[in-house]
Amino acid sequence: MDRQRELEEVQEAMRQAKDRRMFERYQAVYLFLSGYKRYEIAQILDRHAETVGIYIATYQKNGLSGLAIGHSSGKPPKLSPTQKAVLVETISTKVPADVGFPARYNWTLALAVAFVQNEWGISYSLRGMSTVLHHLGLSYTRPTYTLEKADPEKQRTFREDTFPKLKKLLNEEIAHLLFEDESMIRDYQAIQRTWFLKGRQRIIPTFGKHKGVKLLGILNYETGDILCTEEERYDAGVFLAFLHKVLAYYPAGKIVMILDNARIHHAKLLHPFLQANRSRLELVFLPAYSPQLNLMEGLWKWLKESVIHNVFFPNVQKITLKVREFIRDISHRQEEIIDRLCVRL
């Protein structure tokens, strides 16, 4: 069939289309046959270029009938075990731009379909690809961050050697095994997903000036006990005063405190105090850039999720009251603290 005849056929299909989605598919093909590039068609239709590519590839393989919604040209060929392994490895270790999709850095079903089509000539619908990916142990999830400078070997050593040794000394040479950390609780912490009326969004008022409360805290690994103080600033003097409070809070027994490598934790101002109290207090520093190993980070996350997210506080006093209320509440739920925060190490 010559190009003009094809154009006329597609144009007729557009005229007869009663479904908006079918009209869009025919229109994509019509524009392609008229000389438009895929990315130009995507801009016109406000669709991903990969989706447009699927429409065109389907037309070229099966003609106009192949574009019909619900059309199946037969059961798609199954991916071989090797192809499945390649698909999982590609999606889990690479971004689309690494495998031929310029300026695409997040995997979507359309991109997965296009990748499989490009690599092996196997066609899937979006729904079919969703089923395949779920069967392969993949899911559509929100990524999380990791610190690139972290040393995995040092982290492994802490998990598998340093910390297990400390736990074995509990109730013998060590009376209290604590995790310490600082956190700034701001009046406008973050917008997070929440249940609300369908088709509407919860409105969070803000004045655009964000203040907060500075906290220092410790978590007792064995008992789930917590101690938090509110501070005006973070410096070596404040941290030294906090260490005095910790010793007063635990008046007897050896304390081992696990903490990060913040500058105030290594300040020269601390040295005389640590030397004078070396039989009572020992600081154990986490590997650099390893917040996931500090159990206090979990408590701060819990606090922010419960009190701060999706809420705006007009002044610092109200933030402070809510933070105190949260700390007071969970202080009576030590078993829950242990189950939620302490069992992961």
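Reading the values: rules and limits
Residues numbered from 1 in each chain as written. Predicted model: local features only at pLDDT ≥ 70, side-chain atom pairs only at ≥ 80, totals over all residues. Heavy atoms only, no water. Pairing = 2+ DSSP bridges. Helix = DSSP H or I, 4+ residues; strand = E, 2+ residues; numbered from the N terminus. Right-handed = clockwise from strand over helix to strand, strands pointing away. Buried < 20%, exposed > 50% of the residue type's maximum accessible area, 1.4 Å probe, protein only. Arc of directions from axis to C-beta. Contact = heavy atoms within 4.5 Å. Axes fitted to C-alpha atoms, helices over the stretch in contact; angles between N-to-C directions. Parallel < 35°, antiparallel > 145°, perpendicular 65-115°, else oblique. Nonpolar A, V, L, I, M, F, W, Y, C, P; charged D, E, K, R; others polar. Core = buried A, V, L, I, M, F, W, Y, C linked by side-chain atoms within 4.5 Å.

**Student:** Requested: an account of the pairing of strand S5 (residues 281-285), with residues and values cited.
**Tutor:** Both strand S4 (residues 255-259) and S5 contribute to a ladder of five bridges, which runs parallel. When the bridges of S5 are listed, Met257 appears paired with Leu283. Taken together, S4, helix H10 (residues 271-276) and S5 constitute a β-α-β crossover, and its handedness is right-handed.

**Student:** Quick one: what's the story with helix H13 (residues 334-342), residue by residue and with numbers?
**Tutor:** For H13, the set of buried residues is Ile337, Ile338, Leu341 and Cys342. Buried residues in H13, looked at end-on, bunch into an arc of 100°, giving them a common side. Pointing more than 90 degrees away from the buried face of H13 are the exposed residues Glu335 and Asp339. Buried residues along H13 sit against strand S2 (212-220), strand S3 (226-231), helix H11 (295-308) and helix H12 (316-330).

**Student:** Just give me the short version of the environment of Leu281, but keep the residues and values in it.
**Tutor:** Following the sequence through the fold, Leu281 ends up in strand S5. For Leu281, a relative accessible area of 5% translates into the label buried. As for Leu281 and Val246, which are separated by 35 residues in sequence, their C-alpha atoms are 9.4 Å apart. Once residues lying within four places of it in the same chain are set aside, the contact partners of Leu281 are Leu243, Leu247, Lys254, Ile255, Met257, Phe273 and Leu274.

**Student:** Lay out the packing of helix H2 (residues 20-33) against helix H4 (residues 49-62) with the relevant residues and their values.
**Tutor:** For the pair H2 and H4, interaxial distance at closest approach is 9 Å and the crossing angle is 80°. Here H2 lies roughly perpendicular to H4, going by the angle between them. Contacts between H2 and H4 involve Glu24, Arg25, Ala28, Val29, Phe32 and Leu33 on the former and, on the latter, Tyr55, Ile56, Tyr59 and Gln60. Partitioned by chemical class, the residues of the contact of H2 with H4 number seven nonpolar, one polar and two charged.

**Student:** With reference to specific residues and values, describe the nonpolar core.
**Tutor:** Residues Phe163 and Ile258 are the most contacted members of the largest nonpolar core, which totals 36 residues. Of all elements in the fold, only helix H8 (152-168), strand S1 (176-186), S2, S4, H11, H12 and H13 reach the threshold of two or more residues within this core. A per-element tally of this core places H11 first, with eight residues. Once you skip the residues sitting within four places of it in the chain, Ile258 turns out to touch Phe158, Phe163, Leu166, Leu177, Leu178, Phe179, Glu180, Val284 and Leu286.

**Student:** So what's going on with helix H3 (residues 38-45)? Which residues, and what values?
**Tutor:** Residues spaced three or four apart along an α-helix point in a common direction, a consequence of the helix completing one turn every 3.6 residues. Those residues of H3 lying buried are Ile41, Ala42 and Leu45. Axial view of H3: buried residues confined to an arc of 105°, hence all on one face. In H3, the exposed residues that point more than 90 degrees away from the buried face are Tyr39 and Gln43. Summarising the contacts, the buried residues of H3 are in contact with H2 and H4.

Note that all results are geometric; they support no functional claim without further evidence.
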